[in-house]
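Examination of the molecular architecture
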Amino acid sequence: MKKIYYFLASAIMILGLSACSLKEDSDFGETASQRSEAHLVEIGKLLPSAPNGWLVQYYGNLSFGGYNVMMKFVGDSVTIASEKWGPSHFAGIGADGKVITSTSHYKMEQSMGSILSFDDFNPTFHYFSMPDNPDYSYEKADGLYGDFEFRVMKATNDSIILRGKKHNNRIIMTPIPADKTWESYIHEAEETEQFMASSKYYLTGEGRTDDIEIEVKSNGGYRCLVFRYTDSQDLKQTVTAPYIVDKNGFTFYAPVEVNGMVLDGLDKGDTEDYFLFRNNPKLQLDTYVPPLATQLTTSLWYLNYGSVGEYAKPKWDAMMDILKTAGKNKQKITIYTATIGKLSDTKLGSSLSTSDAVPYWYMNVETGDSEDIAIFSQKSTGTNKTDKAYYNNYKWKDVLNTIYGHKFRLTCDNQRHPSYITMTDMENPTNVITIYATPMYFMNDQSYYDN
């Protein structure tokens with residue numbers, strides 16, 4: 001009998017709690033599920049409300065910085081354009097002068113918040129998130145660390161703020177004005193980037209309260225400034241500032257603090273000599289115009305098969321012929337990149353990135369009687385078993401000997417910020433090698449990588 005009373009009492013208590021719960025939901029007006037559904041509907045109406053689409057400040061791996069992406073939503077489809085990141089990216093401006101676009105499906109869904117999901121493959125947009133990105137071979141599993149699913153953090157008529165579901169980067173969307181073309185965003189960013197480019201910068205200005213030299217460089221040519229200095233405690237410091245480019249200058253992903261100074265974005269201005277910080281115009285970055293020999297030895301430069309002259313080309317041909325069967329089980333070893341220049345903070349050399357390994361060979365460079373002359377000599381100290389295998393067994397030695405032991409005159413397209421340097425052998429004019437600042441594949445022929 002006591003058990004019957006116990007169960008009855010328990011049942012009454014549960015019913016009472018349920019009644020309270022139902023009453024609370026009723027008092028609130030709507031359930032959490034209803035509120036979430038209403039939010040999805042609201043965003044679903046907002047996305048297609050921009051007649052000329054949205055400008056998206058898109059970030060993947062922050063080490064690369066941000067890129068301008070344009071999106072226009074119609075029904076359950078989205079048309080996307082973007083600045084071009086690498087050679088295989090289906091983006092940028094086409095041969096007809098029009099922006100390249102891709103159209104695919106998108107959806108809004110509920111998953112611990114409102115999720116904007118680009119659930120149908122879009123070659124322009126998913127390029128940033130795809131594994132095994134053909135233009136980035138170093139972290140193949142993760143590619144460029146982009147996202148294609150985003151949590152909607154805030155949504156108004158003026159802006160939509162997203163967070164990448166996987167990598168958590170902040171993405172900002174703003175409506176594109178009706179009189180603004182998508183092509184103009186890409187052209188303006190390109191012009192600004194060229195105008196503000198420098199092999200390195202120095203942080204100066206009346207706002208400096210210290211006498212420490214602060215050198216600034218871009219991270220491998222990508223949209224990320226790297227501030228390096230030695231602080232008052234004699235400790236080396238490194239601060240990175242990812243940014244995106246528009247017609248007005250560099251907009252930082254977030255403010256950064258450098259030796260006690262808060263820095264947030266740079267204005268393009270009207271001179272290439274220096275650029276002022278937006279949040280503190282008493283601080284500026286001064287540009288630097290180094291001799292070509294210095295530029296060659298302080299950056300990493302890329303060469304490709306088409307950029308070597310008739311003297312060196314047969315040496316490359318012989319090496320690649322051996323590599324056709326040099327891999328495991330006589331499989332082909334593919335050369336992805338070939339470089340000359342600064343391999344680390346203290347080492348100069350030549351290197352390859354292949355499907356098998358990343359061999360390198362150190363070198364010394366002297367300038368001779370001119371800052372625009374480079375004399376190369378090899379320095380094998382520090383090379384390992386893999387490097388020696390390429391050097392001795394795969395005829396890499398013959399390739400390197402088209403550089404080592406030669407005296408080159410250096411020329412370029414722009415002394416302030418060259419996109420390439422042409423090295424011409426002063427004793428053999430057929431030995432010409434052009435090296436490029438922008439990372440690139442060794443072969444322009446895609447069939448070389450398909451086999």
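**Some details on the overall build of the protein**
- Scanning the protein from N- to C-terminus turns up 8 helices and 27 strands.
- Structurally, the protein occupies a C-alpha span of about 105 × 65 × 55 Å along its principal axes.
- When burial is assessed residue by residue, the protein has 43% of its 451 residues classed as buried.
- Put simply, of all contacts in the protein between residues at least 6 apart along the chain, 52% involve residues at least 24 apart.
- Only carbon and sulfur atoms are counted for the fraction: they give 51% of the accessible area of the protein, which is about 22900 Å².
- On the protein, the mean spot of the 43 positive side-chain charges and the mean spot of the 56 negative ones are 7 Å from each other.

**A closer look at helix α6 (residues 385–393)**
- Along α6, the residues classified as buried are Asp-387, Tyr-390 and Tyr-391. The buried residues of α6 occupy one face: seen down the axis, they fall within an arc of 95°. Among the exposed residues of α6, those pointing more than 90 degrees away from its buried face are Lys-385, Asn-392 and Asn-393.
- If you check the start of α6, you find a side-chain oxygen 3.0 Å away from the backbone N of Thr-386, and it comes from Asn-384.

**Some words on the sheet that holds strand β17 (residues 266–267)**
- Pairing within the open sheet is antiparallel, and its 8 strands lie in the order β17-β14-β13-β12-β11-β10-β19-β18. Edge positions in the sheet fall to β17 and β18 (274–276), since each of these pairs with one other strand and no more.
- Looking at chain direction, strand β10 (residues 201–204) and strand β11 (residues 215–218) are connected through 2 bridges and run antiparallel. For Tyr-201, the partnering residue across the bridge sits in β11 and is Val-216.

**Observations concerning the sheet that holds strand β4 (residues 102–105)**
- Overall, antiparallel pairing links the 9 strands, which are arranged β4-β3-β2-β1-β9-β8-β7-β6-β5 in an open sheet. Two strands lie at the open edges of the sheet, namely β4 and β5 (107–110), each paired on one side alone. Between one strand axis and the next, the sheet turns through 30° on average, direction left out of account.
- Summarising the sheet, strand β1 (residues 54–59) and strand β9 (residues 170–175) pair through 4 bridges and their orientation is antiparallel. By the bridge assignment for β9, Leu-55 is matched with Thr-174.
- In the packing of helix α3 (residues 182–196) onto the sheet, contacts are made with β1, β2 (66–74) and β3 (77–82), and the angle to β2 comes to roughly 180°.

**Thoughts on the confidence of the model for the protein**
- Of the residues in the protein, 92% reach a pLDDT of 70 or more, and the chain-wide mean stands at 90.
- Here residues 1–28 is a poorly scored stretch, pLDDT under 50, and it has 3 contacts once near neighbours within four places are set aside; other chains count.

**Structural notes on the pairing of β5**
- Alignment of β5 against strand β6 (residues 114–117), held across 4 bridges, turns out to be antiparallel. Bridge assignment links Met-108 to a residue of β6, and that residue is Leu-116.
- Between β5 and the antiparallel strand that follows it, β6, lie 3 residues; Met-112 among them carries a positive phi value of about 55°.

**What about the nonpolar core?**
- With 42 residues, the main nonpolar core has Trp-316, Phe-376 and Met-423 as its most contacted residues.
- Beyond its immediate stretch of four places on either side in the chain, Met-423 contacts Leu-296, Ile-340, Phe-376, Phe-408, Arg-409, Leu-410, Asn-431, Val-432, Ile-433 and Ile-435.
- Grouped together as the second largest cluster of nonpolar side chains are 33 residues, Leu-46, Val-56, Tyr-67 and Ile-80 included.

**So, the environment of Asp-345**
- Relative to the assigned elements, Asp-345 resides in the loop between β21 (335–342) and β22 (348–354).
- Through-space distance from the C-alpha of Asp-345 to that of Thr-298 is 8.9 Å; in sequence the pair is 47 residues apart.

**Let's talk about the pairing of strand β27 (residues 432–436)**
- As defined by bridge partners, strand β26 (residues 420–425) adjoins β27 across 5 bridges and the pair is classed as antiparallel. The residue bridging Thr-424 from the neighbouring strand is Val-432, located in β27.

Definitions and limits used
- Residues numbered from 1 in each chain as written.
- Predicted model: local features only at pLDDT ≥ 70, side-chain atom pairs only at ≥ 80, totals over all residues.
- Heavy atoms only, no water.
- Helix = DSSP H or I, 4+ residues; strand = E, 2+ residues; numbered from the N terminus.
- Buried < 20%, exposed > 50% of the residue type's maximum accessible area, 1.4 Å probe, protein only.
- Contact = heavy atoms within 4.5 Å.
- Areas by Shrake-Rupley, 256 points an atom, 1.4 Å probe, with all protein chains shown as cover.
- Lys, Arg positive; Asp, Glu negative; His and termini not counted.
- Charge placed at Lys NZ, Arg CZ, Asp CG, Glu CD.
- Arc of directions from axis to C-beta.
- Polar contact = N/O pair within 3.5 Å; in protein donor to acceptor, adjacent residues only side chain to side chain.
- Pairing = 2+ DSSP bridges.
- Axes fitted to C-alpha atoms, helices over the stretch in contact; angles between N-to-C directions.
- pLDDT = per-residue confidence, 0-100.
- Core = buried A, V, L, I, M, F, W, Y, C linked by side-chain atoms within 4.5 Å.

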